[in-house]
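Summary of structural features
If you want the building blocks of each chain, they are given just below.
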Amino acid sequence: IGATIVADYSQEYQWAQKNFRSLYIEPLAEQTQNKAFPTALLSGDLDEAIAKTLRGRGFTPANTIFAHSVCSDEVNNKDEQLVALMVNRWQEGFSLGGLAGLPFAGKSGFRAFLHHVPDEGKLLVMFAPHVGIDAAGKVGALQRDGQVKVSKACGAAVGAYGVISSKGAAAPKPAGGNDDTDLFDPQLNTIVNLLEPRLGGIEKAVDPISFVIYQMYAIVRDLIDECVEGTPDVWDFANEVSIVGGIMINRYKGGDFFQPLSFETRVKDGSSKGKVIDLYDEAFGSKPNLVGVLGSE
């Protein structure tokens, strides 16, 4: 009974958020989001699209274990936003992520997650770096509950970019300073080292932080792939592995969004990687054209 009440409340909340958000959205933030993340979906719509697609493939809470690799920032764990919605739908959630959404749990953490899958069951992994958009339409900034001052989001990604810029990388330094950057933090060190080689062409981008966040997505994607493909016995435990990736967009008003960028499933077929099936179009429609955002293909 309790689960039914919670589910009913969540559905009502998602309906109200979607249908009444025009009454209180921040216009400049909305304009920026539509330009930088042109096919972003509300968290509830994204959750439903994933579930509908996987339901047709036989994924259920009983045979599926869910993991997420998102930044440890508390803004990503709010009630009625994506992580909470997906944990509620799949009835549990294994955390792989650390700062900026990188799967700092590593291959050992992924193996632990794998070993919890129901017999002959399925894995579902959602990964995403995150970024805020404030009321002025600035990417990388977020008004947080209880604070007057606007803060960074993702602080780790913006901070890493600031460190690279201060070292003389070919990129303009973002406004706002980076006083909270600490190079002795091992997670931040890793982010800096992985991000720096990916900043070529940033000068062509409309907005440098948007460019950085898309590069962070690619970094997390590659690391998740390494975790899956670097676990040779994955098919001894699971018969299907589905992976959804994108960018979480934090908003002070109107609900958080998610820009989907990839959705694939891998099916046990005797090979180490498995048979890869692209589910993106089925779940989300056509992929966005990001040339105008990134400045190049």
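Please read all numbers here as calculations on a predicted model, not as lab measurements. (Residues numbered from 1 in each chain as written. Predicted model: local features only at pLDDT ≥ 70, side-chain atom pairs only at ≥ 80, totals over all residues. Heavy atoms only, no water.)

1. Brief notes about helix 3 (residues 43-55)
What counts, and what does not: Counting from the N terminus, the helices are DSSP H or I runs at least four residues long and the strands are E runs at least two residues long. By this rule, a helix spans an expected 1.5 Å times one less than how many residues it contains. Type-normalised accessible area, obtained with a 1.4 Å probe on protein chains alone, sets the label of each residue: buried when under 20%, exposed when over 50%, and partly exposed for intermediate values.
When the terminal C-alpha atoms of helix 3 are compared, their 18 Å separation across 13 residues agrees well with the 18 Å that a helix rising 1.5 Å per residue should span. Here helix 3 has its buried residues at Ser43, Gly44, Leu46, Asp47, Ala49, Ile50, Ala51, Thr53 and Leu54.

2. Re the nonpolar core
Quick reminder of the rule: Definition of nonpolar core: a set of buried residues of the types Ala, Val, Leu, Ile, Met, Phe, Trp, Tyr and Cys, connected through side-chain atoms within 4.5 Å. Whether two residues are in contact is decided by their heavy atoms, any of which lying within 4.5 Å being enough.
Counting residues in hydrophobic clusters, the biggest one holds 62 residues, and the most contacted among them are Phe37, Leu123, Leu195, Met216 and Ile247. In terms of residues, this core owes the most to one element, helix 8 (residues 208-229), which gives 13 residues. Sequence-distant contacts of Phe37, that is, excluding residues within four places in its chain, are made with Thr32, Val131, Ile133, Tyr214, Ile247, Ile249 and Gln259. Val70, Trp90, Phe263 and Leu279 belong to the second-largest nonpolar core, a separate cluster that totals 22 residues.

3. Looking at the environment of Gly230
Structurally, Gly230 can be placed in the loop between helix 8 and helix 9 (234-237). As for Gly230 and Ser272, which are separated by 42 residues in sequence, their C-alpha atoms are 9.1 Å apart. Contacts of Gly230, omitting those with residues within four sequence positions, involve Lys107 and Asp225.

4. Considering the packing of helix 7 (residues 186-195) against helix 8
Convention followed: Axis geometry follows a simple rule: fit a line to the C-alpha atoms, using only the stretch in contact for helices, then measure angles between N-to-C directions, giving values from 0 to 180 degrees. Should an angle fall under 35 degrees it is called roughly parallel, over 145 degrees roughly antiparallel, and 65 to 115 degrees roughly perpendicular, with every other angle called oblique.
Running from N to C, helix 7 and helix 8 point in directions that differ by 105°, and their axes come no closer than 10 Å. Between helix 7 and helix 8, the angle is such that the two are roughly perpendicular. Of the residues in helix 8, those in contact with Ile191, Leu194 and Leu195 of helix 7 are Val212, Gln215, Met216, Ile219 and Leu223.

5. Let's talk about the pattern of salt bridges
Keep this limit in mind: Between Lys or Arg on one side and Asp or Glu on the other, a salt bridge is scored when a side-chain nitrogen of the former is within 4 Å of a carboxyl oxygen of the latter.
Taken as a whole and assessed by the stated rule, the structure comprises 17 salt bridges. The partner of Glu229 in a salt bridge is Arg266, and the shortest N-O contact between them spans 3.4 Å. Taken together, the positions of Glu229 in helix 8 and Arg266 in strand 9 (residues 257-267) put the pair 37 residues apart, joining distant regions of the chain. Note on Glu229: relative accessible area 41%, which makes it partly exposed. Its relative accessible area of 2% is what places Arg266 among the buried residues.

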